[in-house]
Protein chains: 2
Amino acid sequence: MTTEQLNYNDMSVKPSGMVDHLSDAQWAKVAPLLTQHMHFAPGEVISRRGDLLDHSLLLLDGLIARSVPSGQRARNTFVALQFPGEFVDLHAFPLKRLDHDVVSLTDTRVAIVAHEPLRELLNGDVEFARKLWLMTLVDASIHRHWVMRNSAMRALARVANFLSEFDARMSIAYGTERQSLPFSLRQTDIADATGLTSVHVSRTLRELREHGCCTVAGGELLIHDRKGLHKVGMFEAAYLYAPQSEMAP
Amino acid sequence: MTTEQLNYNDMSVKPSGMVDHLSDAQWAKVAPLLTQHMHFAPGEVISRRGDLLDHSLLLLDGLIARSVPSGQRARNTFVALQFPGEFVDLHAFPLKRLDHDVVSLTDTRVAIVAHEPLRELLNGDVEFARKLWLMTLVDASIHRHWVMRNSAMRALARVANFLSEFDARMSIAYGTERQSLPFSLRQTDIADATGLTSVHVSRTLRELREHGCCTVAGGELLIHDRKGLHKVGMFEAAYLYAPQSEMAP
DNA sequence: CAGATAATTTAACATTTATTATGATTTCCG
DNA sequence: CGGAAATCATAATAAATGTTAAATTATCTG
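Residues numbered from 1 in each chain as written. Chains lettered and ligands numbered in written order. Predicted model: local features only at pLDDT ≥ 70, side-chain atom pairs only at ≥ 80, totals over all residues.

Asker: Mind showing me how you'd approach the overall build of chain A here?
Answerer: Across its full length, chain A holds eight helices and eleven strands. Scaling as 2.2 N^0.38, a compact globule of 249 residues should have a C-alpha radius of gyration of about 18 Å, and chain A matches this with 18 Å. For chain A, the spread of C-alpha atoms along the three principal axes comes to 55 × 40 × 30 Å. A buried classification covers 48% of the 249 residues belonging to chain A. Long-range pairs, those at least 24 residues apart, make up 75% of the contacts in chain A between residues at least 6 apart in sequence. (Helix = DSSP H or I, 4+ residues; strand = E, 2+ residues; numbered from the N terminus. Rg over C-alpha atoms; globule rule 2.2 N^0.38 Å. Buried ≥ 20, exposed ≤ 12 C-beta atoms within 10 Å, placed from the backbone. Contact = placed C-beta atoms within 7 Å.)

Asker: Hey, could you run me through the relation of the copies chain B and chain A in this one?
Answerer: In this arrangement, two copies of a chain are superimposed by a rotation about an axis accompanied by a shift along the axis. Mapping chain B onto chain A calls for a rotation angle of 180° and an axial translation of 0.0 Å; the resulting RMSD is 0.0 Å. The superposition operator between the copies reduces to a two-fold rotation axis. The overlap is high: 98% of the interface residues of chain B also sit at the interface in chain A, so the same surface is used on both sides. (Least-squares fit on C-alpha atoms with pLDDT ≥ 70 in both.)

Asker: Mind showing me how you'd approach the protein's contact with DNA strand D here?
Answerer: Lining the immediate environment of DNA strand D, one finds 17 residues, of which R186 and Q187 of chain A together with R154, A155 and H200 of chain B sit closest. Ranked by residue count, the leading element in the surface near DNA strand D is helix α7 (residues 198-210) of chain A, at five residues. (Near = placed C-beta within 6 Å.)

Asker: Looking at this model, I keep getting lost on the nonpolar core. Mind explaining?
Answerer: Nonpolar side chains in soluble globular proteins generally cluster together in the buried interior. The biggest cluster of nonpolar side chains holds 150 residues, and the ones touching the most others in it are L58 of chain A together with L58 of chain B. Discounting residues that sit within four places of it in the chain, L58 of chain A has contacts with V19, L34, F87, V110, A111 and V113 of chain A. (Core = buried A, V, L, I, M, F, W, Y, C linked by C-beta atoms within 7 Å.)

Asker: Sorry, what's going on with the sheet that holds strand β3 (residues 45-47) of chain B here?
Answerer: Each strand in a sheet pairs with its neighbour through backbone hydrogen bonds, running either in the same direction (parallel) or in the opposite one (antiparallel). Residue and element names in this part refer to chain B. Taken together, four strands build an open sheet; the order of strands is β3-β7-β5-β6 and the sheet is antiparallel. Two strands bound the open sheet, and with one partner strand each, they are β3 and β6 (76-82). Each strand of the sheet is rotated relative to its neighbour by a mean of 35°, with strand direction disregarded. Of the pairings in the sheet, the one linking β3 to strand β7 (residues 101-104) comprises two bridges and is antiparallel in character. Across the sheet, V45 pairs through a bridge with V103, a residue of β7. (Pairing = 2+ DSSP bridges. Axes fitted to C-alpha atoms, helices over the stretch in contact; angles between N-to-C directions.)

Asker: Got a minute to help me understand the interface of chain B and chain A in this structure?
Answerer: Often the size quoted for an interface is simply the accessible area lost on bringing the parts together. The interface of chain B with chain A comprises 42 residues on the first partner and 41 residues on the second. Sort the elements by how many residues they give to the side of chain B that touches chain A and helix α4 (residues 126-152) of chain B lands first, with 19 residues. When its residues are assigned to classes, the side of chain B that touches chain A shows 22 nonpolar, 13 polar and seven charged. (Nonpolar A, V, L, I, M, F, W, Y, C, P; charged D, E, K, R; others polar.)

Asker: Just to check I follow, could you spell out the protein's contact with DNA strand C for this structure?
Answerer: Near DNA strand C there are 17 residues, and of these R154, A155 and H200 of chain A together with R186 and Q187 of chain B occur at the shortest range. Among the elements of the structure, α7 of chain A together with α6 (187-194) and α7 (198-210) of chain B are those that each provide at least two residues to the surface near DNA strand C. Here the residues of the surface near DNA strand C sort into five nonpolar, seven polar and five charged.

Asker: Would you take a moment to explain the sheet that holds strand β9 (residues 180-182) of chain A for this structure?
Answerer: Residues and elements named next belong to chain A. The strand order β9-β11-β10 describes an open sheet built from three strands, whose pairing is antiparallel. The open sheet has two free edges, formed respectively by β9 and β10 (214-217), since each of these has just one partner strand. This sheet shows a mean twist of 15° between the axes of neighbouring strands, independent of strand direction.

Asker: What's the story with helix α4 (residues 126-152) of chain A in this structure? I'm lost.
Answerer: Structurally, the α-helix is built with 3.6 residues per turn, so residues lying three or four positions apart point the same way. Under the 1.5 Å per step criterion, the end-to-end length of α4 of chain A is 39 Å for 27 residues, consistent within 8% with the ideal 39 Å. Buried residues dominate α4 of chain A, accounting for 22 of its 27 residues. (Expected span 1.5 Å × (residues − 1).)

Asker: How should the pairing of strand β7 (residues 101-104) of chain A be read in this particular structure?
Answerer: Within a regular beta strand, the side chains point alternately toward one face of the sheet and then the other, so they alternate between its two faces. All names here are of chain A. On β7, burial covers both faces: D101 and V103 on one face and V102 and S104 on the other are all buried. Of the strand pairs in this sheet, strand β5 (residues 64-69) and β7 are connected by four bridges, and their pairing is antiparallel. Residue I64 lies in a different strand from β7, and its bridge partner there is S104.

Asker: I keep staring at the packing of helix α5 (residues 155-174) of chain B against α6 of chain B and nothing clicks. Help me out?
Answerer: For any two helices packed against each other, the geometry comes down to the angle between their axes and how far apart the axes lie. Residue and element names in this part refer to chain B. The N-to-C vectors of α5 and α6 enclose an angle of 105°; their axes lie 11 Å apart at closest approach. Classified by the interaxial angle, the pair formed by α5 and α6 is roughly perpendicular. Between α5 and α6, the contacting residues are R158, V159 and F162 on the first element and I190, A193 and T194 on the second. Here the residues of the contact of α5 with α6 sort into four nonpolar, one polar and one charged. (Parallel < 35°, antiparallel > 145°, perpendicular 65-115°, else oblique.)

Written out as structure tokens, the structure reads:
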């Protein structure tokens with residue numbers, strides 16, 4: 001883990017992604033709080049279940065998992081995945097104590113938001129507070145979707161749906177839909193996120209490949225047939241509450 | 001569905017349950033907004049996915065499920081269950097559009113909170129706004145637990161954990177731990193909440209009975225061995241953020 | 001209370017997924 | 001580049017859960 005003190009000029013441009021729910025004016029207010037950045041290597045545990053946090057993280061680059069000890073399996077279970085432009089643990093601001101670990105899955109860059117100045121900022125800006133609230137509620141909506149996916153879908157549909165979500169959230173994060181996207185998750189990560197074994201994930205990915213939907217290989221997700229993938233995974237993006245489609249004055 | 005206009009004297013006493021996160025003073029401020037009550041019969045759909053809501057509900061009595069169309073099964077999937085003293089769809093206040101149905105599972109009494117007066121109240125009270133935020137975050141924590149439970153636990157543990165949560169949340173709702181509690185869920189409801197079939201739920205309940213953990217019958221949950229039930233279900237209540245153990249000044 | 005309806009139990013069987021193990025491939029690092 | 005360590009693929013087998021259907025019990029309604 002390394003820490004670097006950056007000039008907040010670096011933050012003067014609002015990153016795209018979920019944080020886009022904030023207006024430019026609102027971004028201009030938080031940016032000054034985001035001066036301290038950190039970097040994590042793949043597999044680092046950033047915070048632990050039970051920790052009392054006095055700050056939250058905004059993910060700038062990479063992928064982060066929120067993870068809990070698994071019921072009976074050897075591995076952990078991912079209860080959430082965070083993409084660039086998303087707050088990782090904003091819920092720690094009102095909730096204080098974490099109910100899950102926070103783990104970096106790739107090389108990761110984050111900006112730190114201390115709760116104290118954030119509180120002062122929010123005290124003076126009700127609209128802004130409501131936006132942050134909203135962003136944690138989008139998180140919750142995604143949780144609900146994960147409950148449905150992992151409870152009610154078979155392996156093939158489940159993995160297809162998971163990859164569709166990955167694609168959609170990457171599109172939100174980078175503001176552009178791509179046919180080929182960087183995919184740094186291992187099959188064991190997909191397993192942890194979908195509640196399957198990595199062996200079965202391997203089988204399932206082969207099936208998706210043979211269906212002509214997509215190929216996961218070499219750190220890349222190649223989408224051959226997005227529509228087909230969505231169909232197999234019964235994917236509808238409404239639950240993501242993507243910023244542009246949701247903006248209210 | 002019936003509507004009755006009540007004198008808000010009826011609301012002058014703060015119900016126990018999750019709403020206990022609010023201080024007495026805070027309760028005194030919302031109570032005047034809770035003058036309109038409604039009643040629902042079992043199985044009524046209270047609101048639908050996609051609905052734009054201008055109000056939220058506080059559950060006074062009964063059980064409510066938040067439900068989504070199931071991936072591939074015939075039935076629905078429950079993504080959340082609400083107990084008395086909990087807000088049912090407070091997230092609709094910042095989020096506006098619902099991503100799930102709201103369904104009454106039993107005879108149900110709710111109080112309606114219109115968003116407009118709530119907004120005005122919150123504008124003038126930052127602390128209170130933060131408390132409501134917190135309550136939706138407890139919801140999210142429970143969602144995460146459901147993801148883990150339905151992704152990583154086998155049927156026996158999964159049902160045991162579900163029943164443990166039911167017990168714990170009823171204890172929070174009524175402020176007292178009981179050996180026998182009213183249980184109005186059918187086995188198909190347990191199935192919808194745990195991602196199992198009702199046939200398998202039946203088998204699993206028998207197993208729990210034979211283990212000497214608990215008996216579900218005749219609208220009643222009889223807990224023979226709470227400790228044993230918790231052990232089988234690997235249940236730890238921290239994720240519920242029960243009010244009394246969490247109060248900050 | 002009787003009949004109708006809904007909920008539960010059970011069994012036989014089918015399917016899905018997990019488990020274990022081994023070999024192939026890729027990635028990492030010196 | 002070359003060897004070690006991860007990661008991935010595949011197969012054989014086992015275990016868990018789903019499916020269907022029928023019998024039983026409980027609940028509701030008149």
